[in-house]
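Residue-level structure breakdown
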Amino acid sequence: MIQVDPIPAFDDKYIWLLHRPDRARCAVVDPGDEEPVIERLRAERLALDAILITHKHGDHVGGIRGLKAEWPNAVVYGPAGEPIKTLERRLTGGTLVHLRGLDMTFEVLDVPGHTEWHIAYFGEGALFCGDTLFSVGCGRLFEGSAAQMWESLKRLRALPPETQICS
């Protein structure tokens, strides 16, 4: 099982840190700000292998460049249709992401609604769903339709009930 730790960012966000306790490598999900990530990884002596992005909004992608400056070999994964210039691996639903150095695999889920090309990562007992789902509701509809969001929420509802949800 992977260890999933929240890194607080901004006033009300989390950047998710994924690692295995027996390894010095890690991944992060939706790093909107690089500073808290750099501070945490240095403190825990972790090397960044991968950056997983769910959608294009600045509070999810703002830290990519700063993290790549510190860990230039970290691979940036994200939604194929989003205009994110720093993506290195463009993903669509059904794709499997193998993070070999971390021994982790995630299935990419298309979850449009908040944005048209929003994706989520499911695997290792956890779901990283960006702004599709929150503890008190779902994300606002910026580009997608209510029908798209409803289908996305139904897709998430079909996941195993023991899934750890990280939004």
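1. Brief notes about the overall build of the protein chain
When you go through the protein chain residue by residue, the secondary structure sums to 4 helices and 13 strands. Here the C-alpha radius of gyration of the protein chain, 15 Å, is about what a compact globule of 167 residues would show, namely 15 Å. The dimensions of the protein chain, computed from C-alpha atoms along their principal axes, are 45 × 30 × 30 Å. A total of 167 residues make up the protein chain; the buried ones form 50% of that total.

2. Comments concerning the pattern of salt bridges
With the rule as written, the count across this model stands at 10 salt bridges. For the salt bridge of Lys13 with Asp59, the shortest nitrogen-to-oxygen distance reads 3.0 Å. A residue pair is termed long-range when its members are at least 10 positions apart, and Lys13 in strand β2 (residues 13-19) and Asp59 in helix α2 (residues 58-61) qualify at 46 residues. The residue Glu82 makes a salt bridge to Lys56 at a minimum N-O spacing of 3.9 Å. Highlighted residues: Glu82 in the loop between β5 (75-79) and β6 (89-91) and Lys56 in the loop between β4 (47-52) and α2, separated in sequence by 26 residues. One salt-bridge network, in which partners are shared between bridges, spans Asp5, Arg40 and Glu44.

3. A look at the sheet that holds strand β7 (residues 96-99)
Judged by pairing direction, the sheet is mixed, and its 5 strands sit side by side in the order β7-β8-β9-β10-β13 without closing on themselves. Two strands in the sheet have a free side with no partner beyond their single neighbour: β7 and β13 (164-166). For this sheet the average axis-to-axis angle between neighbouring strands, irrespective of direction, equals 25°. Bridge count for strand β10 (residues 126-128) against β13 is 3 bridges, and the pairing is parallel.

4. So, the state of the cysteines
Here the structure, examined in full by the defined rule, presents 0 disulfides. Free cysteine: Cys26, not disulfide-bonded; nearest cysteine sulfur from Cys166 at 15 Å. By relative accessible area, Cys26 is classed as buried at 0%. Unpaired in terms of disulfides, Cys166 finds its nearest cysteine sulfur in Cys129, a separation of 7.9 Å. Under the relative-accessibility criterion, Cys166 is labelled buried at 1%.

5. Considerations on the environment of Trp71
Among the structural elements, Trp71 can be located in the loop between α3 (64-70) and β5. On the basis of relative accessible area, Trp71 is assigned to the buried category, the value being 14%. In this structure the C-alpha to C-alpha distance between Trp71 and Lys154, which are 83 residues apart in sequence, comes to 37 Å. The residues contacting Trp71, other than those within four sequence positions of it, are Ile38, Leu41, Leu46, Ala47 and Leu48.

6. A look at the environment of Gly78
Structurally, the position occupied by Gly78 is in strand β5. Counting along the chain gives 25 residues from Gly78 to Ile53, while the straight-line C-alpha distance between them is 4.6 Å.

The rules behind these values
- Residues numbered from 1 in each chain as written.
- Predicted model: local features only at pLDDT ≥ 70, side-chain atom pairs only at ≥ 80, totals over all residues.
- Heavy atoms only, no water.
- Helix = DSSP H or I, 4+ residues; strand = E, 2+ residues; numbered from the N terminus.
- Rg over C-alpha atoms; globule rule 2.2 N^0.38 Å.
- Buried < 20%, exposed > 50% of the residue type's maximum accessible area, 1.4 Å probe, protein only.
- Salt bridge = Lys/Arg side-chain N within 4 Å of Asp/Glu carboxyl O.
- Pairing = 2+ DSSP bridges.
- Axes fitted to C-alpha atoms, helices over the stretch in contact; angles between N-to-C directions.
- Disulfide = S-S within 2.5 Å.
- Contact = heavy atoms within 4.5 Å.

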